[in-house]
Amino acid sequence: MVSYYPMFSRRFRKDVAALPKHKKLLFFGSLILLVSVFFPWYSENDEYLGNQIYYGITGPLYFVGITILILSVAVFFYNLLEIQHKKVPKLPLQEWIFSLIAGVSSFYLLLLSVTVYLHPRFGINLNTKTTAFGITVGFIGAALLTVGAMVQRKMTQSGLTESEEIPEIVEESPKIPTLINISPSQRRMQQENLKRVPTIEDKELENLRMDI
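Rules of the game
Residues numbered from 1 in each chain as written. Predicted model: local features only at pLDDT ≥ 70, side-chain atom pairs only at ≥ 80, totals over all residues. Heavy atoms only, no water. Helix = DSSP H or I, 4+ residues; strand = E, 2+ residues; numbered from the N terminus. Buried < 20%, exposed > 50% of the residue type's maximum accessible area, 1.4 Å probe, protein only. Contact = heavy atoms within 4.5 Å. Areas by Shrake-Rupley, 256 points an atom, 1.4 Å probe, with all protein chains shown as cover. Pairing = 2+ DSSP bridges. Core = buried A, V, L, I, M, F, W, Y, C linked by side-chain atoms within 4.5 Å. Expected span 1.5 Å × (residues − 1). Axes fitted to C-alpha atoms, helices over the stretch in contact; angles between N-to-C directions. Parallel < 35°, antiparallel > 145°, perpendicular 65-115°, else oblique. Left-handed = near helix turned anticlockwise from the far one by under 90°. Nonpolar A, V, L, I, M, F, W, Y, C, P; charged D, E, K, R; others polar. pLDDT = per-residue confidence, 0-100. Salt bridge = Lys/Arg side-chain N within 4 Å of Asp/Glu carboxyl O. Phe/Tyr/Trp six-rings, centres within 6.5 Å; stacked < 30°, edge-to-face > 60°.

1. Concerning the overall build of the protein chain
Scanning the protein chain from N- to C-terminus turns up seven helices and three strands. Order of helices (α) and strands (β) in the protein chain, N terminus to C terminus: α-α-β-β-α-α-β-α-α-α. Out of the 212 residues in the protein chain, the part that is buried amounts to 28%. For the protein chain, restricting intrachain contacts to residue pairs at least 6 apart in sequence, the fraction spanning at least 24 positions comes to 71%. On the protein chain, roughly 15700 Å² of surface is accessible, and the fraction owed to carbon and sulfur atoms is 63%.

Next up, the structure:
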């Protein structure tokens, strides 16, 4: 049965499996970070309001979750277009810088949310309060996204270094192949004949051969 959803098709899974390591980190890191804002981030038990649960995009810090959602969606769909071999938008900066900004910013916003939620002055008449698993999922996604951007940075810089180092091409003089194999004894006889100065008798014998 052929799937009608591109992300679940066999070809798509094959393309994802063939991705380099940094691309996999960027793709799955942004996907995990995207999903984390829809999970519970914080829960508290109030004496009057009862049990309260805040998701990443709800509660007093909803704008933090929306910002992380925007950053993760941007990185995720950029990599998704590349996997599907579609035209990607041109970025004003290098891809690894864009991904690194998204990862570090998301990590900072998650840490800020934790410090606010767990601050002793946050909440009134509380019996218990704790961070939920959505925060942990968000930290995992932000960490993968940041590591993927750093790996991509390293690969990009090493690629530029290799392209700048152009190996020197040394042209060797062509070798003329020997068509006739001459033995060492024959070569010595030829050299002796070249060094020998013809005498008068040799010239007379040569003249007689010509007259005949």
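2. Section: the pairing of strand β2 (residues 50-55)
As defined by bridge partners, strand β1 (residues 40-46) adjoins β2 across six bridges and the pair is classed as antiparallel. Looking at the pairing, Asn 45 lines up with Asn 51 of β2.

3. Observations concerning the nonpolar core
Here is a general trend for soluble globular proteins: nonpolar side chains tend to be buried in one another's company. Of all hydrophobic cores here, the largest spans 22 residues; its most connected members are Leu 33, Trp 41, Val 64, Ile 68, Leu 110, Tyr 117 and Leu 145. Within the residue set of this core, elements represented by two or more residues are α2 (21-36), β1, α3 (62-83), α4 (95-117) and α5 (133-164). Per element, the largest residue contribution to this core is seven residues, and it comes from α4. For Ile 68, the contacting residues outside a window of four places in its chain are Leu 33, Val 37, Trp 41, Ser 106, Leu 109 and Leu 110. Ranked by size, the runner-up nonpolar core spans eight residues in total, among them Phe 12, Leu 34, Phe 76 and Leu 80.

4. With respect to α4
Here α4 spans 33 Å end to end across 23 residues, near enough to the 33 Å set by a 1.5 Å rise per residue. For α4, every residue scored as buried is listed here: Glu 95, Trp 96, Ser 99, Leu 100, Ala 102, Gly 103, Ser 106, Leu 109, Leu 110, Ser 113, Val 114 and Tyr 117.

5. A short note on the packing of α2 against α3
As a packed pair, α2 and α3 sit with axes 8 Å apart at the nearest point and diverge in direction by 140°. In terms of axis orientation, α2 runs oblique to α3. Handedness of the α2/α3 crossing: left-handed. On α3, the residues that touch Lys 23, Leu 26, Phe 27, Ser 30, Leu 31, Leu 33 and Leu 34 of α2 are Ile 68, Leu 69, Ser 72, Val 73, Val 75, Phe 76, Asn 79, Leu 80, Glu 82 and Ile 83. Classifying every residue of the contact of α2 with α3 by side-chain character gives 12 nonpolar, three polar and two charged.

6. Points about the environment of Asn 127
As for its placement among the helices and strands, Asn 127 is situated in strand β3 (residues 126-131). With 81 residues separating them in the primary sequence, Asn 127 and Asp 46 have C-alpha atoms 6.0 Å apart. The contacts of Asn 127, once residues within four sequence positions are left out, are Asn 45 and Glu 47.

7. Details of the confidence of the model for the protein chain
Confidence along the protein chain averages 79 in pLDDT terms, with 69% of residues attaining 70 or more. Here helix α6 (residues 184-195) is the element of the protein chain with the lowest mean pLDDT, 64, and α2 is the one with the highest, 94.

8. Some remarks on the pattern of salt bridges
Under the defined criterion, the tally for this structure stands at two salt bridges. Of the charged contacts in the structure, one is a salt bridge between Glu 82 and Lys 23, with a shortest N-O distance of 2.4 Å. With Glu 82 in helix α3 and Lys 23 in helix α2, this pair connects stretches of sequence that are 59 residues apart. On the basis of relative accessible area, Glu 82 is assigned to the partly exposed category, the value being 27%. Its salt-bridge partner being Lys 23, residue Glu 95 comes within 2.4 Å of it at the nearest N-O pair. Of the two residues, Glu 95 sits in helix α4 while Lys 23 sits in helix α2, which places them 72 residues apart along the sequence. Residue Glu 95 shares its accessibility class with Lys 23, and that shared class is buried.

9. Observations concerning the packing of aromatic side chains
Taken as a whole, this structure holds nine aromatic pairs when the rule is applied. When the ring of Phe 27 is compared with that of Phe 28, the centres are 5.2 Å apart and the planes differ by 80°; the resulting orientation is edge-to-face. Between the aromatic rings of Phe 76 and Phe 77, the centroid separation amounts to 5.3 Å while the plane-to-plane angle is 80°, which identifies the pairing as edge-to-face. Counting every residue linked through ring pairs, the aromatic cluster contains Phe 12, Phe 27, Phe 28, Phe 76 and Phe 77.

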